[in-house]
Structure formats: structure tokens, C-alpha cells
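Below, each chain spelled out in residue letters.
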Amino acid sequence: MSEKYFQIAIDGPSGAGKSTVAKAVAKKLGIDYIDTGAMYRALGLKLLRNSIGMDEVEKIKAVLDETEIDICQGDIILDGEVVSGLIRTPEVSMAASACSAHGFVREKLVKAQQKMGESKSVIMDGRDICEVVFPHAEYKYYVTATDEERARRRYKELLEKGEETTFEETLAAIRERDYNDSHRAASPLRQAEDAQLLDTTDMTIEEVVDYICNKVK
Ligand code: DC
């Protein structure tokens, strides 16, 4: 790792505001933001499009072999197609969570993420950034909030996008994803020992962003 570059690693459960915070910190500090969840979502989208079940290991391996996922100027590119607008649905969320439990999927995407962050300063968010992707990151945070508060934020987002859902459904989906993400064998979601806990339940996005930026300066 070059000395002039630094990494900010952010982990945490769904709906904690990680990506909103990371995007704003990146803008303020003039560094790149890498949304690793979007990469798992892009693969989930491709598997759904091909009607492949999340437990069809051989088929997923074959698809993965011929899949290219990239991030370019904030957009997520799946095999040359910009899919940023298609990956935030509840179906794709569950597909991403399910396919990310496969060790072979993680191996390929983690390698790509490490490459993206090796020759520039980046802020990266996900579930395994502090322990697996960038264990030597200079700054590590575990960003979370109560499940009700996370569901409230996600529900508001989904309503704004015109998705038909209820608060109860959103809360149940958040809890299901938390369970899947933290109980899988491969790199389960957990707070790294050396990551600082940031409970954002009673914090505004601006407060979290300022907190991180002040630490980095
Ligand atoms: O952050 P997100 O909600 O967009 O992530 C979608 C899913 O991808 C999430 O449920 C778990 C998985 N994921 C992961 O396993 N590791 C990461 N670094 C990022 C996301």
C-alpha cells in the first residue's frame, strides 16, 4: 500500500446510512467512493434475470465466470450495461444477500474491490471491508442504527421511488437480511475489533459525515 493513499473502511447492517455517508465523505475529501454492496446487487440482478436460484452453485459459478462488474463515476456497470437504477428493489436486495453468502462469489468480488482501492484513496462500504477487503485501512467504522430506525429510513426511500410496500414489510426484510448477512459462514457481518462504532440512530447524516471528515483531517 502506498503511503500517499489512505482507505476509509465502513461496515454495518442494511439501511444504516453507510452509502449516503460514504458518498458525502468522498465528495468532501475529494476521494473515490466504492459501493461494494452494489457489486453483489449487480450479480443478484443477473441471477434473477437468468432465473437462477441462489442455491444453484454450479450455475452461479458459470455465470460468475462470464460476468464483469465495474464501478465507473458512481455508476455500477454489469457486463457493459449501467444498472444503477435497477438494483435497489427489495427482490434484488434479497438476491444480493443470498448470493453474497457463497465464498466463491466473495472471492472474486473482494479481489476486484482490493484492486479498485489499491492505487488511490478511497472510502468503501460493505460488510467485510474492515476485516477482509482492507484489513490495513487507516480508518475503520462500524455504522449502525436500531432496526426500527433503519427500516424507517429504507421505507421512506422505497416510497419516494414509488415501490409498493409497508413499514412492517420493510422492517421484516431488514431483519431477514441482517440475519442472513451476520449468520453466513463466509465473512459474516460483524464489528471488527479495531473498528469504531458509530450509532447513527440519533445522528443526522451531516453529523456523521463531519465526524469522519474531522478524524481524517
Ligand atoms: O450494502 P447493500 O445493502 O447494498 O448490500 C447488499 C447485500 O450485499 C447485503 O445484504 C450483503 C451483501 N454484501 C456483502 O456481503 N458484502 C459487502 N461488502 C457488501 C454487501
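What counts, and where the lines are drawn
Residues numbered from 1 in each chain as written. Predicted model: local features only at pLDDT ≥ 70, side-chain atom pairs only at ≥ 80, totals over all residues. Heavy atoms only, no water. Helix = DSSP H or I, 4+ residues; strand = E, 2+ residues; numbered from the N terminus. Rg over C-alpha atoms; globule rule 2.2 N^0.38 Å. Buried < 20%, exposed > 50% of the residue type's maximum accessible area, 1.4 Å probe, protein only. Contact = heavy atoms within 4.5 Å. Areas by Shrake-Rupley, 256 points an atom, 1.4 Å probe, with all protein chains shown as cover. Lys, Arg positive; Asp, Glu negative; His and termini not counted. Charge placed at Lys NZ, Arg CZ, Asp CG, Glu CD. Near = heavy atom within 4 Å. Polar contact = N/O pair within 3.5 Å; in protein donor to acceptor, adjacent residues only side chain to side chain. Nonpolar A, V, L, I, M, F, W, Y, C, P; charged D, E, K, R; others polar. 1 Å grid on protein atoms, 1.4 Å probe; cavity = no way out; pocket = protein on both sides within 12 Å on 5 of 7 lines; lining within 4 Å. Points joined across faces, edges and corners; volume = space filled by probe spheres on them.

Structural notes on the overall build of the protein chain
Logical step 1: Looking only at helices and strands, the protein chain features nine helices and eight strands.
Logical step 2: Over its C-alpha atoms the protein chain spans a radius of gyration of 16 Å, differing by no more than 12% from the 17 Å that the globule rule assigns to 217 residues.
Logical step 3: By its C-alpha atoms, the protein chain is 45 × 40 × 30 Å across when sized along the principal axes.
Logical step 4: Looking at the protein chain as a whole, 47% of its 217 residues qualify as buried.
Logical step 5: Summarising the internal contacts of the protein chain: among those between residues at least 6 apart in sequence, 74% fall at separations of at least 24.
Logical step 6: When the accessible area of the protein chain is evaluated, it comes to approximately 11,000 Å², of which 49% is carbon and sulfur surface.
Logical step 7: Taking the 30 positively charged and 40 negatively charged side chains of the protein chain as two groups, their mean positions are separated by 3 Å.

What about the site of the ligand?
Logical step 1: Taken together, 16 residues surround the ligand, and among them R41, R106, R177, D181 and R184 come closest.
Logical step 2: Residue R41 places a side-chain N or O atom 2.6 Å away from an oxygen atom belonging to the ligand.
Logical step 3: In this structure, a nitrogen atom belonging to the ligand sits 2.8 Å away from a side-chain N or O atom of D128.
Logical step 4: Isolated, the ligand exposes 440 Å² of accessible area, and the fraction of that covered by the protein chains is 97%.
Logical step 5: Elements supplying a minimum of two residues to the shell around the ligand: α2 (36-49), α4 (90-99) and α8 (167-183).
Logical step 6: It is α2 that contributes the most residues to the shell around the ligand, four residues altogether.
Logical step 7: In terms of residue class, the shell around the ligand is made up of three nonpolar, five polar and eight charged.

Notes on the layout of surface pockets
Logical step 1: Each pocket or cavity is described by its volume, and for the second largest pocket that value is around 190 Å³.
Logical step 2: Lining the second largest pocket, in full, are M39, L64, T67, E68, I69, D70, K108, L109, A112 and M116.
Logical step 3: If you tally residues by element for the lining of the second largest pocket, the top one is helix α5 (residues 103-116), at four residues.
Logical step 4: When grouped by side-chain class, the residues that make up the lining of the second largest pocket number six nonpolar, one polar and three charged.

Regarding the side chain of S97
Logical step 1: For S97, the location among the structural elements is in helix α4.
Logical step 2: Taking relative accessible area as the criterion, S97 reaches 5% and is therefore assigned buried.
Logical step 3: Within the local environment of S97, its side chain forms a polar contact with the side chain of D181, the two groups lying 2.7 Å apart.
Logical step 4: The contacts of S97, once residues within four sequence positions are left out, are R177, N180 and D181.

That's the geometry; what it means functionally is another story.
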